[in-house]
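Listed below are the residues making up each chain.
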Amino acid sequence: MKVLKFGGTSVGSAENIKTLLSILAQEKLQSNPVVVLSAMSGVTNLLTDMAEKAERGEDYDASLKEIEAKHFAVIRALLPAAAQNPVFTRLKIFFNELEDLLQAVTNLRELSLQTKDQILSYGERCSSFMIAHIASQQFAEALYVNGSELIKTDSNFGQAKVDTELTEMLINDFYQANSTKVLFVTGFIASNSAGRVTTLGRGGSDYTAAVWGAALTAEEIQIWTDVNGMMTADPRIVKKAFSLPELSYTEAMELSYFGAKVIYPPTMIPAFMKKIPIVIKNTFEPDFTGTYIKSDVKTSSLPIKGISSIDHISIINLTGSGMVGKAGFSGRLFSLLSREQINVVLITQSSSEHSITFAVKPTDAGQAISLIKKEFELELDANKLALPEVENNLAVLAIVGENMKRTPGMSGRLFNALGRNGINVRAIAQGSSEYNISVIISASDLSKAVNAVHDAFFTDLKRTLNIFCLGTGNIGKTLFNQLKEQMPFLAENNDLQVKVAGISNTRKMIFNTDGLSLEGWEDELNVNGEQADLAGFVARMKALNLPNCVFVDNTAAEAPIEFYQGIFESSISVVTCNKKGNSAGYAQYKSFKDTARKFGVDFYYETNVGAGLPIIRTLKELMMSGDKVARIEAILSGTISYIFNNFKGEAGFYETVKEAQDLGYTEPDPRDDLNGKDFMRKMLILARDAGYPLEAENVKIDNILPEACLKADTVEDFYTELKNNAAYFEDLKNRAASEGKVLRYIGKLEDGDVEISLQMVDDSHPFYMLSGSDNIISFTTDRYKSRPLVVKGPGAGAEVTAAGVFADIINVGSLS
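These lines cover the structure that appears in this document, whether it is placed above or below. Keep in mind it's a predicted model, so treat the numbers as computed, not measured. (Residues numbered from 1 in each chain as written. Predicted model: local features only at pLDDT ≥ 70, side-chain atom pairs only at ≥ 80, totals over all residues. Heavy atoms only, no water.)

1. Remarks on the overall build of the chain
Working step 1: The helix and strand inventory of the chain stands at 29 helices and 29 strands.
Working step 2: Computed over its C-alpha atoms, the radius of gyration of the chain comes to 37 Å, more than 25% above the 28 Å expected for a compact globule of 816 residues.
Working step 3: Every one of the 816 residues in the chain was classed for burial, and the buried ones make up 53%.
Working step 4: Partitioning the contacts of the chain with sequence separation of at least 6, the portion at a separation of at least 24 is 72%.
Working step 5: In the form shown here, the chain has an accessible surface area of approximately 35,500 Å², with 48% of it arising from carbon and sulfur atoms.
Working step 6: Averaged over its 80 positive side-chain charges, the chain has a centre that lies 3 Å from the centre of its 100 negative ones. (Helix = DSSP H or I, 4+ residues; strand = E, 2+ residues; numbered from the N terminus. Rg over C-alpha atoms; globule rule 2.2 N^0.38 Å. Buried < 20%, exposed > 50% of the residue type's maximum accessible area, 1.4 Å probe, protein only. Contact = heavy atoms within 4.5 Å. Areas by Shrake-Rupley, 256 points an atom, 1.4 Å probe, with all protein chains shown as cover. Lys, Arg positive; Asp, Glu negative; His and termini not counted. Charge placed at Lys NZ, Arg CZ, Asp CG, Glu CD.)

Here you go:
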């Protein structure tokens with residue numbers, strides 16, 4: 001036989017009770033189950049509230065009427081009219097008794113634990129009596145059982161301890177006498193030797209089911225609730241959490257102790273003692289297998305089974321020389337707390353014995369401090385102990401699993417995930433069994449921490465990046481299109497999910513922690529976005545505190561640069577195509593790099609130099625692999641590349657520049673390209689990445705243009721001067737042609753010196769065959785000495801630049 005327990009949600013409405021009865025009908029085909037029932041959802045809270053109002057002398061009639069209405073509505077919905085009166089009558093008696101009790105509390109202005117237990121018992125008594133009679137329409141042998149008559153406890157009201165031997169005898173005798181019936185038993189309630197009602201505390205109905213199951217040596221105990229079993233994490237926090245098929249008793253207890261609310265740890269003890277499996281099932285998805293908690297679990301491939309947490313914790317720190325080598329100090333401290341019923345959640349002590357840190361509920365912290373001051377008054381007066389310190393607004397996160405003791409690197413993976421996301425660990429505890437590693441962190445970081453750790457351990461799931469994008473111009477729009485098209489591929493082949501959590505331009509900004517749709521993002525931004533504010537955008541990104549967060553700067557503006565430092569310090573990675581930050585003062589460049597490294601985040605800017613070309617990455621990997629760079633030569637301006645690749649034959653320099661402008665390759669004033677300053681910024685960034693602490697003034701630039709062209713007042717005057725200096729350019733072209741060479745505007749880094757100059761190169765040079773507006777760069781190194789390593793391709797344009805930003809984004813957090 002089996003014991004089936006149904007929670008408050010499962011009995012919370014007429015529709016849910018019908019589902020419960022259909023589950024019982026299936027189960028009854030195999031054997032007569034014992035059914036343990038909770039109060040209807042919300043009723044226990046209402047009863048508690050009513051009792052406290054009565055103690056204060058406040059009116060509770062509305063709540064009493066609400067409870068009555070809740071039960072009577074179910075009776076009218078599920079029982080034929082002829083069968084309703086006996087149930088109404090019995091329930092009315094229950095409600096009258098309840099009202100009398102509440103009136104007595106009001107008169108005395110006193111609510112003892114004994115009286116409170118009696119008041120709370122009506123929740124289970126009403127629901128169980130009602131459901132038993134509804135079930136009798138389908139199962140003639142249905143029988144209502146007042147569980148308080150069979151489960152015997154001590155007189156610790158509110159948290160009574162079961163007399164196991166007497167209880168098992170009473171249950172067995174009762175079951176033998178009624179073995180042909182379907183028993184509907186009240187959960188949560190019991191009674192002492194005097195027959196006074198007691199309650200079994202939090203999770204009491206689950207405990208009732210376990211007590212009955214153990215007494216009758218049941219085949220299994222089923223806990224029917226509103227979730228699909230025990231999950232890898234709280235699904236309200238981690239959207240990717242999934243159900244676990246099975247857990248050992250130890251794993252389930254560890255997860256439950258640290259906040260997994262599906263089942264309460266003491267519930268499992270009676271089942272554990274007799275090795276009876278507990279199955280967590282979902283009333284609303286009865287065909288789902290749920291989670292089996294048992295002793296003989298199969299070996300799992302998962303490194304951990306789950307992540308649990310307690311979101312409101314305080315820690316107390318005790319330090320002082322009076323603890324060092326002092327035998328019995330810890331025993332004295334924790335015996336004191338135990339006597340006063342203060343539960344210690346976690347303990348950690350330094351190996352020097354100079355300090356002890358322990359965690360308690362915030363409501364117990366003040367009392368604990370008072371007790372410590374009183375108990376250790378002499379030590380405090382003698383300065384052998386410092387005054388105890390309390391830290392509030394903390395949370396506990398625990399990873400749990402039996403595989404942890406067989407798998408090296410578990411702690412490293414945990415702390416790496418926390419560290420990368422800027423989560424400070426205040427205390428650590430791990431038992432010698434290695435089933436559990438617990439850390440105390442700031443409560444405000446809990447959601448981010450649980451998501452980050454879940455991503456780190458359950459690598460079969462998709463890693464999630466939360467990106468905040470600044471700039472919706474050509475590059476921004478193209479990036480969103482590329483992301484939208486590539487999402488399925490990333491999910492299937494790279495186990496990666498990229499969520500755009502925020503978008504801003506100079507007009508509007510919008511946020512969505514679940515990810516903005518890339519189908520209609522532009523309309524959503526324009527219609528639903530709020531007034532743009534760069535400082536506000538960055539502040540909101542920090543405040544949302546999402547895991548694996550990336551700030552993406554798709555602008556060419558100065559303003560975002562000033563926020564980079566604070567973004568790194570908030571443990572947020574930066575991906576940028578904006579070269580102004582890295583090409584400003586060297587001190588700023590170094591500060592960005594050092595801060596990103598210090599806070600364990602990434603700073604990627606591949607597109608600063610060659611749009612989508614892998615130039616920065618290639619240089620980094622050459623240096624990391626131990627290769628020594630002797631010389632770098634590059635053409636890093638698509639505009640200048642186009643002009644000199646087409647300035648040949650009969651083409652004049654004026655006509656070539658004008659054609660480049662007409663095709664959109666140049667800025668509105670072509671001198672902004674031809675003066676070499678943008679090229680200089682790119683070479684400066686390359687030199688810095690190669691290890692040279694250079695400033696802009698250290699880069700030597702040879703002007704392409706004669707002085708008269710540079711000093712022309714307007715663009716029109718500039719073109720006039722180009723015509724006037726045609727002979728100068730023709731002479732350059734002809735001289736190169738006569739020597740079998742071509743003109744190229746080349747940047748060179750060698751021995752820490754950077755220069756950009758117009759050169760004539762022959763067909764032995766890798767830049768000789770350059771065409772169109774391509775960029776090219778050659779690395780001459782110890783390994784690539786006779787034949788340099790060459791990277792060549794488009795160095796400008798929205799598609800390739802967005803692709804470079806995209807590549808940087810998906811590399812955030814990767815080992816590469």
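After that view of the structure, there is still more to cover.
2. Regarding the state of the cysteines
Joining two cysteines, a disulfide is a covalent bond between their sulfur atoms.
Working step 1: One pass over the structure, following the stated rule, counts zero disulfides.
Working step 2: Left without a disulfide partner, Cys469 is nearest to the cysteine sulfur of Cys549, which lies 10 Å away.
Working step 3: Looking at Cys577, it has no disulfide partner, and the nearest cysteine sulfur is the one in Cys469, 11 Å off. (Disulfide = S-S within 2.5 Å.)

3. Regarding the sheet that holds strand 7 (residues 220–225)
Working step 1: The eight strands lie next to each other as 3-4-2-1-7-9-10-8, forming an open sheet whose pairing is mixed. Each end of this open sheet is capped by a strand with a single partner; those strands are strand 3 (142–145) and strand 8 (246–248). Looking at each pair of strands side by side, their axes are set apart by 20° on average, direction ignored.
Working step 2: Pairing of strand 1 (residues 2–6) with strand 7, which is carried by five bridges, proceeds in the parallel orientation. Residue pairing across strands places Leu4 opposite Gln222, the latter belonging to strand 7.
Working step 3: Contacting strand 1, strand 2 (34–37), strand 4 (182–186) and strand 7, helix 1 (residues 14–28) crosses the sheet at an angle of about 175° to strand 1.
Working step 4: Along the sheet, helix 7 (residues 204–215) contacts strand 1, strand 2, strand 3, strand 4 and strand 7; its crossing angle with strand 1, the most-contacted strand, is approximately 175°. (Pairing = 2+ DSSP bridges. Axes fitted to C-alpha atoms, helices over the stretch in contact; angles between N-to-C directions.)

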